[in-house]
Amino acid sequence: MKLKTTLNGKTFQFRDIKDVMAKANEPKSADRFQKIAAETATERVAAKIVLSELTVGDLVENPTVPYEKDEVTRVNNDAINRRAYEAKKNMTIGELREWILDHKTTSDDLRRNTWAINGEVAAAVAKIMSAMDLVYGAKKIVHPTTCNTTIGIPGTLSYRCQTNSVTDDPQTILLGVMEGVSYGSGDACLGINPVEDNVNSTRRIAEALYDFMIKNEIPTQITVLSHITTQMESVRQGVPLSMFFQSIAGTGAACDNFGVNKALLEEAYALARQSCLGTGPNLLYFETGQGSEVSINADEGVDEMTLEARTYGFARGFDPFMVNNVSGFIGPETIYDGKEMIRANLEDHFMGKLMGLPMGMAPCYTNHTSITQDDQEIATTLLNAAGANYYMGVPVGDDVMLAYQDTSFHDDATLRELSGRKPAPEFHKWAIKKGIMDEQGRLTDMAGDASIFLK
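Not measured: the values here are computed from a predicted model. (Residues numbered from 1 in each chain as written. Predicted model: local features only at pLDDT ≥ 70, side-chain atom pairs only at ≥ 80, totals over all residues. Heavy atoms only, no water.)

Draft legend 1. View of the overall build of the protein. Helices and strands together make up the secondary structure of the protein, namely 21 helices and 15 strands. Expressed as lengths along the three principal axes of its C-alpha atoms, the size of the protein is roughly 75 × 45 × 40 Å. Carbon and sulfur atoms make up 51% of the accessible area of the protein, which totals about 16800 Å². One way to put it: in the protein the 44 positive side-chain charges average out to a point 6 Å from where the 61 negative ones average out. (Helix = DSSP H or I, 4+ residues; strand = E, 2+ residues; numbered from the N terminus. Areas by Shrake-Rupley, 256 points an atom, 1.4 Å probe, with all protein chains shown as cover. Lys, Arg positive; Asp, Glu negative; His and termini not counted. Charge placed at Lys NZ, Arg CZ, Asp CG, Glu CD.)

Structure below.
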């Protein structure tokens, strides 16, 4: 492998692939915090040049965290389809970028090659792409999934209705859900983050959501985002969940910190098929986001963007119904400002789709960063153009329990109108029957009136 180039009369020699990958990354505060970022723009460009000349095989055979040391690496590489890999392994990363962006390369072509790469390859090609490249490349890739409803179908845009309560009060949660659903939010799922991670809270919330869903014949799925082991025990005790949720990360050490590993996810998937209410076949929901590994000192010296792509390589083996990214959620130590947040979201959406995942997005921010609402809306609009499968629906965009800003029910309706997309087909038919939406997917005058569920 050639890890050296000369630019502007100066020779840049990089230590190894991990060093090249970090220095080729666009500016991110976590990389600066780790002291692995490029020191100058010229060094960053030099790293991109070197990276563009490495091959798919170079990156697959030399993962940033050693195979024998790390379960996430093993899951990434063991899943590779050898025939597809052999056809692509001598292609340079620059050539891979050109192939992805070629208008003759179809969504089917890209899907067939999902299993030819690992996370390092996905990250490498994204690092040498512009913002428009990332939007265009992701737009070409389609990954529909089915739990009870089917999301990700071309021409559709779905939402998770997320109406958290600071006290896990089911009635407070339901009032928010009623408003969200009346705006057409919730076809991806009714998903609530509990304050207390225990079976009792999970049960109270899940049963309230389930009763509401059944009473109103709403075609969707429900999930309570306690730890996956809590959800599994809850389902064993008869709690009505449609699927299981879990946050995952890009190193084995970070996943250990989250209390999750391959064996546990395999067990959860088997239990979901037996006992969850989703008809499947996609019964897991993963959440990720750049920076989680460095925030818990489990990054192994790898840049946060590459770690995020490795997370997607870990996720794809479990055939999830939903994957969403929350880059911007942690704070300025991982994503410093609006420009970094926008870029991270575009990267993550593209990388996830390239690796075969049904990517939803939560371009979000916490109030102790310099990210603004305009930054968040720019990211949201670009990701809509890129074909994100779904977003969050949060009352007025302000999650009072998690203390962060995300997309609101009004944003959700706006995004559908901007892109001419409708809800998941099953949910759309229900919304027409309920009178809150027309055949074209536009909201009626009745929309936004939560009292329709109290009559």
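Structure's up, so let's keep going.
Draft legend 2. Looking closely at the environment of His 410. Tracing the sequence through the fold places His 410 in helix 20 (residues 409-419). Distance from His 410 to Gly 393, taken between C-alpha atoms, is 8.5 Å for residues 17 residues apart in sequence.

Draft legend 3. Seen up close, the packing of helix 9 (residues 119-127) against helix 17 (residues 304-315). Relative to each other, helix 9 and helix 17 sit at 135 degrees, their axes nearing to 7 Å. In terms of orientation, helix 9 lies oblique with respect to helix 17. Here the hand of the crossing between helix 9 and helix 17 comes out right-handed. Where helix 9 approaches helix 17, its residues Gly 119, Glu 120, Ala 122, Ala 123, Ala 126 and Lys 127 are matched on the opposing element by Met 305, Thr 306, Ala 309 and Arg 310. (Axes fitted to C-alpha atoms, helices over the stretch in contact; angles between N-to-C directions. Parallel < 35°, antiparallel > 145°, perpendicular 65-115°, else oblique. Left-handed = near helix turned anticlockwise from the far one by under 90°. Contact = heavy atoms within 4.5 Å.)

Draft legend 4. Structural context of helix 15 (residues 262-275). The end-to-end C-alpha separation of helix 15 is 20 Å, in line with the 20 Å expected for 14 residues at 1.5 Å each. Within the span of helix 15, buried status applies to Leu 264, Leu 265, Ala 268, Tyr 269, Leu 271 and Ala 272. Taken down its axis, helix 15 places every buried residue within 165 degrees of arc, on the same side. Exposed residues pointing more than 90 degrees away from the buried face of helix 15 are listed as Arg 273 and Gln 274. Looking at the packing, one finds that the buried side of helix 15 touches helix 13 (228-236), strand 8 (244-247), strand 9 (284-288) and helix 17. Sitting at the amino-terminal end of helix 15 is Asn 261, which places a side-chain oxygen 3.2 Å from the backbone nitrogen of Ala 263. (Expected span 1.5 Å × (residues − 1). Buried < 20%, exposed > 50% of the residue type's maximum accessible area, 1.4 Å probe, protein only. Arc of directions from axis to C-beta. Polar contact = N/O pair within 3.5 Å; in protein donor to acceptor, adjacent residues only side chain to side chain.)

Draft legend 5. Summary view of the packing of aromatic side chains. Overall, the coordinates contain nine aromatic pairs when judged by the stated rule. Judged by centre distance (6.2 Å) and plane angle (75 degrees), the rings of Phe 286 and Phe 318 are edge-to-face. With Phe 286 in strand 9 and Phe 318 in the loop between helix 17 and strand 10 (322-325), the pair connects residues that are 32 residues apart, well separated along the chain. The class for Phe 286 is buried, based on a relative accessible area of 1%. Each ring, one from Phe 314 and one from Phe 318, has its centre 5.8 Å from the other, and the planes form 70 degrees; the classification is edge-to-face. Residue Phe 318 is classed as buried on the basis of its relative accessible area of 5%. Following the ring pairs from residue to residue traces out a cluster consisting of Phe 212, Phe 427, Trp 430 and Phe 453. The cationic tip of Arg 273 hangs over the ring face of Tyr 269; the distance from NZ or CZ to the ring centre is 4.7 Å. (Phe/Tyr/Trp six-rings, centres within 6.5 Å; stacked < 30°, edge-to-face > 60°. Lys NZ or Arg CZ within 6 Å of the ring centre and 35° of its normal.)

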